[in-house]
Amino acid sequence: MSDMPPKLAEIVDEFASAPRDVVLEMLLEFSDAVPALPADLVGHAGMEQVPECQTQFFLKATVNPDDTVQTFFDCPLEAPTTRAFAGILTEGLEGATPEEILALPEDLYARMGLGQVISPLRIRGAAAILARLKRQVTAQAK
């Protein structure tokens, strides 16, 4: 899986090789991995909403001067599956370069084997999150 940052590839592999009955459990553990927003983003100033998600979901990607991308996500605690996607991206993309993010496979969540445990609607929301993340990175890439 050389088309993604090593940390994300590791997470994807863990999910792909996990027995189906524990995948949802593993997924929900990632809902705790979403850090609180920094003060300047509270209230979602400068963040983009992802209307494809069933719950309110906001994101912002910042390309730093050192050529790493910092991601910010906000999603209600009552939406643990969607929060889990944000947690996976938060952890898996830490320190990633714009090139690595733009190279992420569109079918990331299918590769993780999530299609069998969560609804197509949630998978579509997750794909939209990824697409918007890539678009924000593209807009900032020099």
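Our subject is the structure listed above.
Residues numbered from 1 in each chain as written. Predicted model: local features only at pLDDT ≥ 70, side-chain atom pairs only at ≥ 80, totals over all residues. Heavy atoms only, no water.

### Topic: the overall build of the protein
Then, in step 1: Per the secondary structure count, the protein includes 6 helices and 3 strands.
Then, in step 2: Listed by position from the N terminus, the elements making up the protein come as α-α-β-β-β-α-α-α-α.
Then, in step 3: Dimensions of the protein, computed from the C-alpha atoms along their principal axes, are close to 40 × 35 × 20 Å.
Then, in step 4: As displayed, the protein offers around 7,100 Å² of accessible surface, 54% of which is attributable to carbon and sulfur atoms.
Then, in step 5: One finds the centroid of the 11 positive side-chain charges in the protein at a distance of 8 Å from the centroid of its 21 negative side-chain charges. (Helix = DSSP H or I, 4+ residues; strand = E, 2+ residues; numbered from the N terminus. Areas by Shrake-Rupley, 256 points an atom, 1.4 Å probe, with all protein chains shown as cover. Lys, Arg positive; Asp, Glu negative; His and termini not counted. Charge placed at Lys NZ, Arg CZ, Asp CG, Glu CD.)

### What to know about unusual backbone geometry
Then, in step 1: Of note in this structure, His44 is not a glycine but carries a positive phi near 65 degrees.
Then, in step 2: By the element assignment, His44 lies in the loop between helix H2 (20-29) and strand E1 (48-49).
Then, in step 3: With a phi angle near 65 degrees, Asp67 is a residue other than glycine that sits in the positive phi range.
Then, in step 4: Asp67 gets classed as partly exposed once you look at its relative accessible area, which sits at 35%. (Buried < 20%, exposed > 50% of the residue type's maximum accessible area, 1.4 Å probe, protein only.)

### Observations regarding the pairing of strand E3 (residues 69-74)
Then, in step 1: For strand E2 (residues 58-63) and E3, the ladder comprises 6 bridges, and the chain directions are antiparallel. Paired with Phe58 across the bridge in E3 is Asp74.
Then, in step 2: If you look at the hairpin formed by E2 and E3, you'll find 5 residues sitting between the two strands, and Asp67 has a positive phi there, around 65 degrees. (Pairing = 2+ DSSP bridges.)

### What about a negative patch on the surface?
Then, in step 1: Where like charges cluster on the molecular surface, the negative patch consists of Asp21, Glu25, Glu29 and Asp32.
Then, in step 2: Relative to the helices and strands, Asp21 resides in helix H2. (Patch = residues over 30% accessible without salt bridge, like charges linked within 9 Å, V, L, I, M, F, W, Y side chains within 5 Å. Salt bridge = Lys/Arg side-chain N within 4 Å of Asp/Glu carboxyl O.)

### Observations regarding the packing of aromatic side chains
How two aromatic rings sit relative to each other is set out by the distance from centre to centre and by the angle between their planes.
Then, in step 1: By the definition in use, this model includes 3 aromatic pairs.
Then, in step 2: Ring geometry for Phe57 versus Phe73: centroids 5.9 Å apart, planes at 55 degrees, classification tilted. With Phe57 in the loop between E1 and E2 and Phe73 in strand E3, the pair connects residues that are 16 residues apart, well separated along the chain. The exposure classification of Phe57 matches that of Phe73, with both residues buried. (Phe/Tyr/Trp six-rings, centres within 6.5 Å; stacked < 30°, edge-to-face > 60°.)

### Quick look at the pairing of E2
Then, in step 1: Two strands pair when backbone bridges link them, and E1 and E2 are joined in this way by 2 bridges, in the antiparallel orientation. When the bridges of E2 are listed, Gln49 appears paired with Phe58.

### Some details on the sheet that holds E2
Then, in step 1: One open sheet accounts for 3 strands, arranged E1-E2-E3; its pairing is antiparallel. Where the open sheet ends on each side, the last strands, each with one partner, are E1 and E3.
Then, in step 2: Against the sheet, helix H6 (residues 120-140) contacts E1, E2 and E3, and its axis sits at roughly 30 degrees relative to E2. (Contact = heavy atoms within 4.5 Å. Axes fitted to C-alpha atoms, helices over the stretch in contact; angles between N-to-C directions.)

### Focus: the pattern of salt bridges
Then, in step 1: Under the counting rule described, the total for this entry stands at 5 salt bridges.
Then, in step 2: Between Glu52 and Arg132 there is a salt bridge; the shortest N-O distance is 3.1 Å. Taken together, the residues Glu52 in the loop between E1 and E2 and Arg132 in helix H6 connect sequence positions 80 residues apart.
Then, in step 3: Residues joined by salt bridges that share partners form a network here, namely Glu48, Glu52, Arg132 and Arg135.

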